[in-house]
Amino acid sequence: MQIAQNSVVAFHYTLTNDAGEVLDSSEGRQPLTYLHGAGNIIPGLEKELEGHEAGEKLNIAVSPEEGYGEVQAQLVQQVPRDAFQGVESVEPGMQFQAQTQGGPLMVTVTQVEGDTVTVDGNHPLAGQKLNFDVEIAEVREASQEEIEHGHVHGEGGVEH
């Protein structure tokens, strides 16, 4: 069966950046399982998997536009240290959920200087080309319930 709209796909992957550093991998774990066409994975990877079958091995390069987007300068902001009430020590690398006009946004502390904290609301992989080595493990038709819910149920998916 070929990967198409409303198919359930399970695949193993290794994600690297252009320097060859491994950023993520399913090695030693269950394959990643998703509902094709439901927006459960980044658009560029989903688009490149379309039409392939179980057993295939692929090398897929995903541009920032088709991955986590370009870096948006307006998502990097300096905020006063006292915005982090109840947090004893604010350090670079810490993540917080900020309340914005557009709703909640995960931000990462990138710098702390005196009473000023710089936070970045961009995805950590924004602006990067992503290189996936993929092995498709399984492709099957989604159940009506999976299609209605927009995600996979059972092994590798959501249990209700």
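What counts, and where the lines are drawn
All residue numbers refer to positions counted from 1 along the written sequence of the respective chain. Residues qualify for local features only when their pLDDT is at least 70, as the model is predicted, and side-chain atom pairs are given and counted only at 80 or more; totals for whole chains, interfaces and linings, by contrast, use all residues. Computation of side-chain values covers all heavy atoms of the structure but excludes hydrogens and water. UniProt positions are given in the numbering used here, feature names are shortened, and annotations may be inferred rather than shown by experiment. Take a side-chain nitrogen of Lys or Arg and a carboxyl oxygen of Asp or Glu: if they are within 4 Å of each other, that pair is a salt bridge. What we call a nonpolar core is a set of buried Ala, Val, Leu, Ile, Met, Phe, Trp, Tyr and Cys residues that are connected through their side-chain atoms within 4.5 Å. For the exposure calls, accessible area comes from a 1.4 Å probe over protein chains only, and a residue counts as buried if that area is under 20% of its type's maximum, exposed if over 50%, partly exposed in between. Numbering of helices and strands runs from the N terminus, with a helix taken as a DSSP run of H or I at least four residues long and a strand as a DSSP run of E at least two residues long. DSSP bridges decide pairing: two strands pair if at least two such bridges lie between them.

Identification of the protein as Peptidyl-prolyl cis-trans isomerase from Billgrantia campisalis is taken from an unreviewed UniProt entry. Regarding the protein, the relevant UniProt record gives this comment under Catalytic activity (unreviewed entry): "[protein]-peptidylproline (omega=180) = [protein]-peptidylproline (omega=0)".

Visitor: Would you mind showing me how to read the pattern of salt bridges here?
Guide: Opposite charge on two side chains permits pairing when their charged atoms draw close. Tallied over the entire structure, the rule returns four salt bridges. The shortest N-O distance in the salt bridge between aspartate 24 and arginine 29 comes to 3.6 Å.

Visitor: Sorry, what's going on with the nonpolar core here?
Guide: One broad trend across soluble globular proteins is that nonpolar side chains are buried collectively. Phe11, Leu45, Leu49, Ile60, Phe132, Val134 and Ile136 are the most contacted members of the largest nonpolar core, which totals 19 residues. Only strand 1 (7-16), helix 1 (43-49), strand 4 (57-62) and strand 9 (130-141) provide two or more residues apiece to this core. Broken down by element, this core gets its largest block of residues, five residues, from strand 9. Grouped together as the second largest cluster of nonpolar side chains are seven residues, Phe84, Phe96, Val109 and Val119 included.

Visitor: It is not clear to me how the pairing of strand 6 (residues 95-100) should be interpreted in this structure. Could you clarify?
Guide: A regular strand carries its side chains on alternate faces of the sheet. Inspection of the sheet shows strand 6 paired to strand 7 (residues 103-113) by six bridges, in the antiparallel sense. Counterpart to glutamine 97 in the pairing with strand 7 is methionine 106. Between the end of strand 6 and the start of strand 7, which pair antiparallel, lie two residues.

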